[in-house]
Amino acid sequence: MGIGMYFRVPQLTSGAVKVWRRNKDVFMKNVKLNFLPPFIEPLLYLFAMGFGLGLFIEEIDGVPYAKFIAPALISVSVMYGAFFECSYGSYVRMYYQKTFDSIIATPLSIEDVIIGELLWGATRSTISATLMLPVIALFGLIAFPHSLLVIPFAFLAGLLFACIGMCIAAVTPNIMSINYPVLLFITPMFLFSGTFFPLNVLPEIIQYIALAILPLTHVVIIIRALTFGTPGLFLLANLLWIVVVCAIGFVVSVNMMKKRLIV
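Residues numbered from 1 in each chain as written. Predicted model: local features only at pLDDT ≥ 70, side-chain atom pairs only at ≥ 80, totals over all residues. Heavy atoms only, no water.

Novice: Could you clarify how one ought to interpret the pattern of salt bridges in this entry?
Specialist: The tally for this structure, following the rule as stated, stands at five salt bridges. Between Asp25 and Lys24 there is a salt bridge; the shortest N-O distance is 3.0 Å. Judged by its relative accessible area of 37%, Asp25 falls in the partly exposed class. A relative accessible area of 27% places Lys24 in the partly exposed class. Here Lys258 makes a salt bridge to Glu111, at a shortest N to O gap of 3.0 Å. Here Lys258, found in helix 10 (residues 236-262), pairs with Glu111, found in helix 5 (residues 110-137); they are 147 residues apart in sequence, far enough to count as distant. (Salt bridge = Lys/Arg side-chain N within 4 Å of Asp/Glu carboxyl O. Buried < 20%, exposed > 50% of the residue type's maximum accessible area, 1.4 Å probe, protein only. Helix = DSSP H or I, 4+ residues; strand = E, 2+ residues; numbered from the N terminus.)

Novice: Any chance you could explain the packing of aromatic side chains here in plain terms?
Specialist: Note on aromatic pairs: each is described by the distance of the centres and the angle between the planes. Enumeration over the complete set of coordinates arrives at twelve aromatic pairs. Plain terms: the ring middles of Tyr80 and Phe190 are 6.1 Å apart, the flat faces sit at 20° to each other, and that makes the pair stacked. Here Tyr80, found in helix 3 (residues 65-96), pairs with Phe190, found in helix 7 (residues 179-192); they are 110 residues apart in sequence, far enough to count as distant. Judged by its relative accessible area of 28%, Tyr80 is partly exposed. On the numbers, 5.6 Å between centres and 25° between planes, the contact of Tyr91 with Tyr95 is stacked. In this pair, Tyr91 and Tyr95 are both assigned in helix 3, four residues apart and thus about one turn of the helix distant. A connected cluster of aromatic rings, assembled from ring pairs, spans Tyr80, Phe83, Phe84, Tyr88, Phe190 and Phe196. (Phe/Tyr/Trp six-rings, centres within 6.5 Å; stacked < 30°, edge-to-face > 60°.)

Keep in mind that these numbers describe shape and distance, not what the molecule does.
This is the structure:
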């Protein structure tokens, strides 16, 4: 078999859309419960940190602290929405609910199931970002129309985090083991990706690690520029990093999960 099996390019078919639609239908059955957190979470963070802690911080990079962390809150929501949907969520559907087995028993393929899960994870991120924008806009913390570009970008960023979550679901021996990558990878990203303080205040080696390894760093940079209304060519390097890593992660995550399901 060899390592080459992890880099076989999967086929995107209409079957993946059917899996995506199935997850969407389940989501909509509890629409009120699912839509509530994206409204509540930004308000809690804004009041506690932006307007609470912000009273002791005059400005960061020339902007009020609440405005500085607002795009970070959107970025974190994008990360959480896709990662947890395709790690915990996919693991539950695969192992406990046996949803994957049921779908594979139909004419749909294993690849259809996995790709549909990834697309749904990216959609969850898009939903979260779309719901958060008007909430944060009520406080005058984002600039329009540039901020509207956050919505399509959230799908791309969400797909990247969905791939990471799927890789975790593919190798974890039990659902409790997902806590380890959350603690060792997701939490450091939450704290050290330029979210609540500028990246340049960290030691130089940490800055290099954040830019080279932590996807959230690039997501925060792009969303912050869009919500500030200051997009530019300087974002191309961050966007290219996300596209390349997302493409690799998509191929690898599909093949990793296929190997688990087939075995």
